[in-house]
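# Close look at the chain arrangement
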Amino acid sequence: MNTPVIGVLALQGDVREHLIALAAADAVARPVRRPEELAEVDALVLPGGESTTISKLAVLFGLMEPLRARVREGMPVYGTCAGLILLADKILDPRSGQETIGGIDMIVRRNAFGRQNESFEAAVYVKGIEGDPVEGVFIRAPWVESVGAAAEVLAEHGGHIVAVRQGNVLATSFHPELTGDHRVHALFVDMVRANRTPESL
């Protein structure tokens, strides 16, 4: 059985929703809080939450450098909202002490779509996902200011980039895990399957 084991970084944020969405997309989903748990998964999801808090906790739990190493080695990663910020090579307006894991040649702006009370839902057409648009839930969402040549823009909303892929790294400004539509997670699970070597199956 080619069932990938996908972790969800469980330091802060909407971890449970991602575990449910990954299981619905035919993956084995596990919370990841320690380096030894990271070493046991084929891929990782970085959930929404507060990007500064997640980055500081990742350092505190000894996960930041192992995360960076796994991403450099080609481990598939999917980040939503705060996760997108963590996967950016550059943040336009970082908080003090905020670090990123990196992995996508992009510049992001935190809270670009407004504060909590300006959260909204919108239909988003995502390249690679067939059928109706994805219902995007935007909560204090960032957007991508610009991308480098290696990054592929998968979706835009209101003239702003909201979904990007670079190699094995996927990121969205919005939260598909909150909608019951698991197609974005299924796209990621397919990426993970494609990345696995025959020896690992």
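Note that the coordinates shown come from a computational prediction; the quantities given were computed from them, not determined experimentally. (Residues numbered from 1 in each chain as written. Predicted model: local features only at pLDDT ≥ 70, side-chain atom pairs only at ≥ 80, totals over all residues. Heavy atoms only, no water.)

Okay, the layout of surface pockets next. Approximately 220 Å³ is the volume attributed to the largest pocket. Around the largest pocket, the lining comprises 16 residues; the ones closest to its centre are Gly49, Glu50, Cys81, Ile139 and Arg140. Class assignment for the residues of the lining of the largest pocket results in six nonpolar, six polar and four charged. (1 Å grid on protein atoms, 1.4 Å probe; cavity = no way out; pocket = protein on both sides within 12 Å on 5 of 7 lines; lining within 4 Å. Points joined across faces, edges and corners; volume = space filled by probe spheres on them. Nonpolar A, V, L, I, M, F, W, Y, C, P; charged D, E, K, R; others polar.)

To continue, consider the environment of Asp105. Relative to the elements of secondary structure, Asp105 occurs in strand β6 (residues 104-109). Taking C-alpha positions, Asp105 is 9.6 Å from Arg165, a pair spaced 60 residues apart along the chain. The contacts of Asp105, once residues within four sequence positions are left out, are Asp89, Ser146, Val147, Gly148, Ala149, Ala151 and Gln166. (Helix = DSSP H or I, 4+ residues; strand = E, 2+ residues; numbered from the N terminus. Contact = heavy atoms within 4.5 Å.)

Bringing the packing of aromatic side chains into the picture now. According to the stated counting rule, one finds six aromatic pairs in the structure shown. Taken together, a centroid distance of 5.8 Å and an interplanar angle of 40 degrees make the contact between Tyr78 and Phe188 tilted. Taken together, the residues span a long stretch of sequence, with Tyr78 in strand β4 (residues 77-80) and Phe188 in helix α6 (residues 183-195) at a distance of 110 residues. The pair Tyr78 / Phe188 is uniform in exposure class, with both members buried. Between Phe120 and Phe138, the aromatic rings sit 4.7 Å apart at their centres with planes inclined by 5 degrees, giving stacked as the arrangement. A residue pair is termed long-range when its members are at least 10 positions apart, and Phe120 in strand β7 (residues 120-124) and Phe138 in strand β8 (residues 134-138) qualify at 18 residues. Judged by relative accessible area, which is 1%, Phe138 ranks as buried. Taken together through their ring pairs, the aromatic side chains of Phe113, Phe120, Phe138, Trp143 and Phe174 make up a single cluster. (Phe/Tyr/Trp six-rings, centres within 6.5 Å; stacked < 30°, edge-to-face > 60°. Buried < 20%, exposed > 50% of the residue type's maximum accessible area, 1.4 Å probe, protein only.)

Soluble globular proteins tend to pack their nonpolar side chains together in the buried interior. Grouped together as the largest cluster of nonpolar side chains are 33 residues, with contacts concentrated most on Leu9, Leu38, Leu44, Leu46, Met106 and Val108. For this core, the leading source of residues is helix α5 (residues 82-86), giving four residues. With sequence-adjacent residues up to four places away left out, Met106 is seen in contact with Leu84, Leu87, Ala88, Asp89, Lys90, Val144, Ser146, Val147, Val164 and Ala171. Ala122, Leu154, Ala155 and Val192 belong to the second largest nonpolar core, which has 32 residues in total. (Core = buried A, V, L, I, M, F, W, Y, C linked by side-chain atoms within 4.5 Å.)

Inspection of the entire model under this criterion finds ten salt bridges. A salt bridge links Arg30 to Glu40, with the shortest nitrogen-to-oxygen separation between them at 3.9 Å. Here Arg30, found in strand β2 (residues 28-32), pairs with Glu40, found in the loop between α2 (35-38) and β3 (43-46); they are ten residues apart in sequence, far enough to count as distant. Residue Glu40 is classed as exposed on the basis of its relative accessible area, which comes to 53%. For Arg34, the salt bridge identified is with Glu37, shortest N-O distance 3.3 Å. A relative accessible area of 18% places Glu37 in the buried class. Where salt bridges share partners, they join Arg34, Glu36 and Glu37 into one cluster. (Salt bridge = Lys/Arg side-chain N within 4 Å of Asp/Glu carboxyl O.)

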